[in-house]
There are 2 protein chains.
Amino acid sequence: MSELICFCRNAYMPLQTAAIPVNDLGLQRGYGIFDFLRVSDGVPLFLEDHLDRFIFSAEQMRLSAGYNKQELEKIIQTLIQQNGLQHAGIRILLTGGPSPDGYTISAPVLSVIEQPMAPPADEILKPGFRLIMHPHRRQFAAVKTTDYLMAVWLQPQVKASGADDVLYHLEGQISECPRSNIFMVNEAGALITPHQHILPGITRKQLLQVAQAMGMTVEQRIITPEELLTAKEVFITSSTKRLIPVYAIDEHLYASYTDDSVTGKLYRAFMEHEKIYKEQRKLLADS
Amino acid sequence: MSELICFCRNAYMPLQTAAIPVNDLGLQRGYGIFDFLRVSDGVPLFLEDHLDRFIFSAEQMRLSAGYNKQELEKIIQTLIQQNGLQHAGIRILLTGGPSPDGYTISAPVLSVIEQPMAPPADEILKPGFRLIMHPHRRQFAAVKTTDYLMAVWLQPQVKASGADDVLYHLEGQISECPRSNIFMVNEAGALITPHQHILPGITRKQLLQVAQAMGMTVEQRIITPEELLTAKEVFITSSTKRLIPVYAIDEHLYASYTDDSVTGKLYRAFMEHEKIYKEQRKLLADS
C-alpha cells in the first residue's frame with residue numbers, strides 16, 4: 001500500500017510525518033474541536049452536514065478555522081483522490097495552536113487525516129450492543145470538542161463489565177454515548193431521542209428525516225432512565241456504525257433484534273438513504 | 001540566548017523541533033495529564049511534591065509514565081543544567097500516545113519542557129486580582145489533567161469584565177480558580193479553604209503547613225458563595241504566583257491589601273519558607 005497523505009499545518013504531507021508542536025493548546029490544554037466522517041465507495045457521506053457542524057464547533061469554541069467550507073471540501077476531495085481509498089474515515093481536527101503563554105488562543109492549527117476503515121457490516125445488528133450507564137454530562141455538549149477524558153478513562157470498566165459502550169445520564173436524563181446518539185421505540189411505536197445535553201449527530205439528523213418520511217411519530221425530548229427501561233427497542237447511531245441495536249443496558253435486557261423490528265426497518269431505510277446520497281453526489285461530481 | 005533543550009519522546013532535543021504525532025490521544029481525545037513547577041535560582045521548587053502529584057495524576061488516569069520519580073528528577077536536573085536558566089517554569093506532560101483505533105491508550109508519551117519565566121514580583125500584591133464567578137466543576141478535579149476547555153474558553157469573558165481570573169462554583173460550593181486554589185480569612189482570623197472538587201495545589205499544601213506552624217486555625221471544608229462574601233480577606237495561591245490577594249469577586253469588594261493583613265503575614269512567611277527550601281536543596285546537592 002502506498003503511503004497515506006494528510007493535510008497538516010497548511011500543507012499536504014505523509015501521514016507518518018505529521019506532527020504538532022508540543023506547545024499547541026490542543027496538547028497542553030486539551031483545547032480543540034474536530035469532526036469525523038465516513039467515506040463510502042469514495043464518497044464523503046453527508047459532507048455538507050459534517051462541514052456545517054465543524055464550522056459551528058469552531059465558532060462555539062472561539063477558534064478561527066482559517067479555511068471555509070469550500071476550501072475544507074477541496075482538501076477532503078484531494079485526500080480521497082490522492083489516497084485512493086474506497087472505504088475510509090476522515091478526521092478534521094482544529095486545535096488551539098501554539099500559545100506563547102500556554103493559555104491564550106493565537107493561531108489555531110488544522111489537520112485533516114484520512115485512514116482506511118472497513119464499512120460497517122450487517123453483523124453488527126446481532127446481537128448488537130450492551131451498554132452500561134455512567135453519571136456524566138459532557139461540557140459544551142453541543143460541540144464536538146476533543147474532550148473524551150471520561151470516555152477513554154471508562155474503557156477498561158466497559159470491557160470488564162462485558163459491555164460495548166457507556167451511556168451517559170445525569171439529573172434524571174439520559175443523554176448520549178461518548179460517540180453515538182441513543183434512540184428508543186416505545187410501545188406505541190414512536191421514535192424518541194434526547195434533545196439536549198447531546199452532540200447533534202449527523203446520522204441522528206439523517207435518521208430522523210428518514211423516520212419522518214416513513215410516517216413515524218418522532219419525539220425529541222427528555223428521556224428518563226425509568227422510561228428507557230420501558231422501551232420496546234433501543235438503538236444507537238453513529239457516522240462510523242450507522243445503527244446498532246442495544247440488547248442490554250446494565251442488567252436490563254431488551255428483546256433480541258429481528259429484521260422486522262422498527263430498528264430493522266429504519267436500518268434498511270437508512271441504508272437506502274445513504275445509497276441515494278452517494279448516487280446523487282456522484283451525479284453531481286460527473287456533471 | 002542559546003537554544004533551549006527539552007525532553008520529548010525519550011530524547012533530548014531543541015524545544016523548537018519538539019512535536020507530537022498527530023494521532024496522539026492527547027490531541028485527538030484531549031487525554032493527558034501534566035504538572036508545572038517553578039525554578040528559582042536554579043532550584044526546582046517543591047520538586048518532590050510535584051513529582052508525587054504527577055505520578056498520582058498518571059495513575060488516576062491509567063497512564064503509564066514510563067519513568068519513575070528518580071528518572072524524572074534526573075531529566076529535570078539535566079534541563080536546568082543544560083538550559084542554564086535561573087528562573088524558569090518546567091512543564092511535565094504525559095499524553096495518551098499514538099492510538100491505532102484513536103480511542104484506546106497504548107503507549108503514553110512524556111514531554112518535559114523548560115521555558116524562562118520571571119519570578120513573581122511583590123507588585124502582584126497591589127491591587128491583587130478581581131475574580132468573576134462561573135458555575136463549573138472540573139471532571140477528575142483531583143487530577144491535573146490537560147482539560148482546560150472551560151478556562152481557555154472563558155478568557156475573553158474574563159478580560160471583557162475587567163477581571164483577572166475566574167472562580168468556579170457549583171451546587172452551593174466554591175471550589176477553585178482554573179490554575180489556583182482559593183483561601184479566605186474569616187472575622188475570627190481562621191484560614192479556610194475548600195477541601196473537595198479541587199486540584200490539591202502544591203503551594204496550597206505548603207502554605208497550609210506554614211499557617212499551622214504560625215499557630216493559625218486552619219479549616220479545610222466547604223465554603224459557600226455566601227460565606228465567601230463575609231470573608232475579611234481572600235487570596236489565591238499557585239506555583240507560578242505564590243499568593244495573590246483578591247480585592248473583588250464579581251461586584252463584591254474586599255478591603256484593600258495591606259502588609260499587616262493576614263495575607264501579608266502569610267506571604268512573607270511563605271517567601272521565607274521557599275528560601276529555606278532552596279537553601280536546604282542546595283546543601284543537599286553540594287553534599
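Residues numbered from 1 in each chain as written. Chains lettered and ligands numbered in written order. Predicted model: local features only at pLDDT ≥ 70, side-chain atom pairs only at ≥ 80, totals over all residues. Heavy atoms only, no water.

### Re the environment of Phe140 of chain B
Residue and element names in this part refer to chain B. Locating Phe140 in the fold gives a position in the loop between β8 (129-135) and α4 (149-160). A relative accessible area of 17% places Phe140 in the buried class. When the C-alpha atoms of Phe140 and Pro21 are compared, they prove to be 26 Å apart, with 119 residues separating the residues in sequence. (Helix = DSSP H or I, 4+ residues; strand = E, 2+ residues; numbered from the N terminus. Buried < 20%, exposed > 50% of the residue type's maximum accessible area, 1.4 Å probe, protein only.)

### Regarding the pairing of strand β2 (residues 11-14) of chain A
All names here are of chain A. Note that strand β1 (residues 5-8) and β2 share four bridges and pair antiparallel. Its bridge partner being in β2, Phe7 is matched across the sheet by Tyr12. Here β1 folds back onto β2, and the loop between the two strands holds two residues, one of which, Arg9, carries a positive phi near 50°. (Pairing = 2+ DSSP bridges.)

### Points about the nonpolar core
Core analysis: the biggest nonpolar cluster contains 154 residues, and Ile92, Leu110 and Leu191 of chain A together with Ile92, Leu110 and Leu191 of chain B have the highest contact counts within it. Excluding anything up to four places from it in sequence, Leu191 of chain A contacts Phe183, Met184, Val185, Leu208, Ala211, Met216, Thr217, Val218, Glu219, Phe235 and Leu266 of chain A. Phe129, Leu167, Ile182 and Met184 of chain B belong to the second largest nonpolar core, which has 19 residues in total. (Core = buried A, V, L, I, M, F, W, Y, C linked by side-chain atoms within 4.5 Å. Contact = heavy atoms within 4.5 Å.)

### Description of the relation of the copies chain B and chain A
Under the fitted operation, chain B is carried onto chain A by 0.0 Å of movement along the axis and a turn of 180°, and the coordinates agree to an RMSD of 0.0 Å. A rotation of that kind, with that shift, is consistent with a two-fold axis. Identified as the residue of chain B closest to the rotation axis by C-alpha distance is Gly30 of chain B, at 2.2 Å. The fraction of interface residues of chain B whose copies in chain A are also interface residues reaches 100%, indicating that both copies meet through the same surface. (Least-squares fit on C-alpha atoms with pLDDT ≥ 70 in both.)

### Here's the deal with the pattern of salt bridges
Across all of its chains, the model carries 26 salt bridges over all chains by this definition. Of the charged contacts in the structure, one is a salt bridge between Arg281 of chain A and Glu48 of chain A, with a shortest N-O distance of 2.9 Å. Taken together, the positions of Arg281 of chain A in helix α7 (residues 262-286) and Glu48 of chain A in helix α2 (residues 47-60) put the pair 233 residues apart, joining distant regions of the chain. For Arg281 of chain A, a relative accessible area of 12% puts it in the buried group. Among the residues examined, Glu48 of chain A registers a relative accessible area of 40% and is labelled partly exposed. The residue Arg38 of chain B makes a salt bridge to Glu274 of chain B at a minimum N-O spacing of 3.0 Å. You can see Arg38 of chain B sitting in strand β4 (residues 32-40) and its partner Glu274 of chain B sitting in helix α7 (residues 262-286), a full 236 residues away along the chain. Judged by its relative accessible area of 4%, Arg38 of chain B falls in the buried class. (Salt bridge = Lys/Arg side-chain N within 4 Å of Asp/Glu carboxyl O.)

### Focus on the interface of chain B and chain A
Facing 44 residues of chain B, the contacting portion of chain A comprises 44 residues. For the chain B and chain A pair, buried surface summed over both sides reaches about 4,300 Å², with 60% attributable to carbon and sulfur atoms. Our count for the contact surface shared by chain B and chain A stands at 15 residue pairs in polar contact (both at pLDDT 80 or more). Those elements giving two or more residues to the side of chain B that touches chain A turn out to be β3 (19-21), α1 (25-28), β4, β6 (88-95), β7 (109-116) and α4 of chain B. Here the side of chain B that touches chain A is built from residues that sort into 24 nonpolar, 14 polar and six charged. Sheet topology note: the strand β3 (residues 19-21) of chain A/β3 of chain B ladder contains three bridges and is antiparallel. By the bridge assignment for β3 of chain B, Ala19 of chain A is matched with Pro21 of chain B. (Buried area = accessible area lost by both parts, 1.4 Å probe. Polar contact = N/O pair within 3.5 Å; in protein donor to acceptor, adjacent residues only side chain to side chain. Nonpolar A, V, L, I, M, F, W, Y, C, P; charged D, E, K, R; others polar.)

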